[in-house]
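# Topology and contacts: notes
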Amino acid sequence: MKKFLLSVTMVLFLVSCNNEETAVSSETAKVAERGCASHDVLMEQLRVNPELAIKMNEIESFTQKAMMEGRLVNGKIEIPVVVNVLYRTAAENISLAQIQSQIDVLNKDFNATNSDYNQVPALFSGVKANVGISFVLDAVYRKATTKTSWGTRDAMKKTKQGGLDPTSPTTKLNMWACTIGGGILGYAQFPGGSSATDGVVVDSQYFGLSSSSSYPYNLGRTATHEVGHWMNLRHIWGDATCGSDLVNDTPLHNTANYGVPAYPHYSTCTGTPVEMTMNYMDYTDDRGMYMFSTGQKARIDAIFVSGGARFSFAQP
């Protein structure tokens, strides 16, 4: 069983994503390996506001208690989504159809209706989960810009810095589609951060069912991964060699996996020989990830119960 050690210090190591902080031109060569910037964003938020570590630790303590007590969500949660499109080029000004395709992907992946769900190996069939959360497109806002890339310092979330402020972030999931740069596909803010910057950023090239030129990240799974972070899921390798993702039914991983590993992919971690590389919280290609676990579902549910960090989203 994975150990849950709750401390303020631990919060600093809960997440780790490959990132280059410096923004680069939108004409950067195609990304070779999946990269998100959630860790670097979190570290900057903690530097500016050290009290965030205490708040995140309290959220973690509540989450573990809610999971143990079975205080999970009843009924269906439908999350309205606001998409903020920031564009300089026509390609960055993604179409409504492409935006809707991303909402469709989220609905399939979080409700286990994705066509590749049946590819989950028999070894993990007993823990594959229907998270049971739905998404509906609420609004799309567009803004022309002269920026070639936005980086990872939340500028796209601030009107005063040329971006777009979030809309009703305590009751609506805000997503920003823009060119991030630095080889980053996306990043999310974990529960506990400021509502002024809450939400998910996905590079416009990888938003929704994108063109073949975006392969192998053209199936909308970048948003699935990042929304998983927004719902308090950690990387499956625990951001350390054989680290814990704070979920009991996901096997320990040596580290992040890339591409589409052949099954079975073995780990050298004690007691867990086969890795769950097809989990959405790994770093595999879009076509290589297609499941959440029941433990991850329980962790997600815990943030929507009364007292949970995102309880406001569960209100009628």
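So, here is what we can say about the structure in this document. (Residues numbered from 1 in each chain as written. Predicted model: local features only at pLDDT ≥ 70, side-chain atom pairs only at ≥ 80, totals over all residues. Heavy atoms only, no water.)

## A word on the overall build of the protein chain
- For the protein chain, the helix and strand inventory stands at six helices and seven strands.
- Each helix and strand of the protein chain, placed in order from N terminus to C terminus, yields the pattern α-α-α-β-α-β-β-β-β-β-α-β-α.
- Here the protein chain holds 316 residues, and the buried ones make up 56% of them.
- For the protein chain, long-range pairs separated by at least 24 residues make up 72% of all intrachain contacts whose partners lie at least 6 apart in sequence.
- Accessible area for the protein chain stands at about 12,700 Å²; split by element, carbon and sulfur atoms hold 54% of it. (Helix = DSSP H or I, 4+ residues; strand = E, 2+ residues; numbered from the N terminus. Buried < 20%, exposed > 50% of the residue type's maximum accessible area, 1.4 Å probe, protein only. Contact = heavy atoms within 4.5 Å. Areas by Shrake-Rupley, 256 points an atom, 1.4 Å probe, with all protein chains shown as cover.)

## Side note on the state of the cysteines
- One pass over the full model with this rule turns up one disulfide.
- Linked covalently through their sulfurs, Cys 242 and Cys 269 form a disulfide whose S-S length is 2.0 Å. Taking the torsion about the sulfur-sulfur bond, which here is approximately -90°, the covalent link between Cys 242 and Cys 269 counts as left-handed. Highlighted residues: Cys 242 in the loop between α5 (221-230) and β7 (292-293) and Cys 269 in the loop between α5 and β7, separated in sequence by 27 residues.
- The class for Cys 242 is partly exposed, based on a relative accessible area of 27%. (Disulfide = S-S within 2.5 Å.)

## Brief notes about the packing of aromatic side chains
- Evaluation of the coordinates by the stated rule reveals seven aromatic pairs.
- Here Tyr 258 and Tyr 283 contribute two aromatic rings whose centre-to-centre distance is 5.7 Å and whose plane-to-plane angle is 55°, an arrangement assigned as tilted. With Tyr 258 in the loop between α5 and β7 and Tyr 283 in the loop between α5 and β7, the pair connects residues that are 25 residues apart, well separated along the chain.
- In this structure Tyr 258 comes out as partly exposed when scored by relative accessible area, which is 27%.
- Cluster of aromatic residues (ring-pair linked, three or more members): Phe 110, Phe 135, Tyr 280 and Phe 292.
- For the cation-ring pair, Lys 128 lies above Tyr 117, with the distance from its terminal atom to the ring centre recorded as 4.5 Å. (Phe/Tyr/Trp six-rings, centres within 6.5 Å; stacked < 30°, edge-to-face > 60°. Lys NZ or Arg CZ within 6 Å of the ring centre and 35° of its normal.)

## Examining the environment of Tyr 217
- Within the fold, Tyr 217 resides in the loop between β6 (200-203) and α5.
- Look at Tyr 217 and you get buried, because its relative accessible area is 1%.
- Between the alpha carbons of Tyr 217 and Arg 287 there is a distance of 8.0 Å; along the sequence they are 70 residues apart.
- A polar contact of 2.8 Å, which involves the side chain of Tyr 217, links it to the backbone nitrogen of Arg 34. (Polar contact = N/O pair within 3.5 Å; in protein donor to acceptor, adjacent residues only side chain to side chain.)

## Points about the sheet that holds strand β4 (residues 173-178)
- Pairing is mixed in the open sheet, where five strands are placed in the order β3-β1-β4-β6-β5. The open sheet has two edge strands, β3 (133-144) and β5 (186-188), and neither has a second partner. Adjacent strand axes in the sheet meet at a mean angle of 20° when their direction is disregarded.
- Of the pairings in the sheet, the one linking β5 to β6 comprises three bridges and is antiparallel in character. For Tyr 187, the partnering residue across the bridge sits in β6 and is Val 201.
- Seen against the sheet, helix α4 (residues 96-110) touches β1 (77-87), β3 and β4 and runs at an angle of roughly 155° to β3. (Pairing = 2+ DSSP bridges. Axes fitted to C-alpha atoms, helices over the stretch in contact; angles between N-to-C directions.)

## Brief notes about the nonpolar core
- Grouped together as the largest cluster of nonpolar side chains are 45 residues, with contacts concentrated most on Ile 79, Phe 135 and Met 231.
- Among the elements that take part in this core, β1 stands out by supplying five residues, more than any other.
- Ignoring anything within four residues of it in the chain, the contact list for Phe 135 reads Ile 79, Val 81, Ile 103, Leu 106, Asn 107, Phe 110, Leu 173, Val 227 and Met 231.
- Counting residues in hydrophobic clusters, the runner-up holds 13 residues, among them Trp 150, Ala 155, Met 156 and Val 201. (Core = buried A, V, L, I, M, F, W, Y, C linked by side-chain atoms within 4.5 Å.)

Read these as geometric descriptors, not functional statements.
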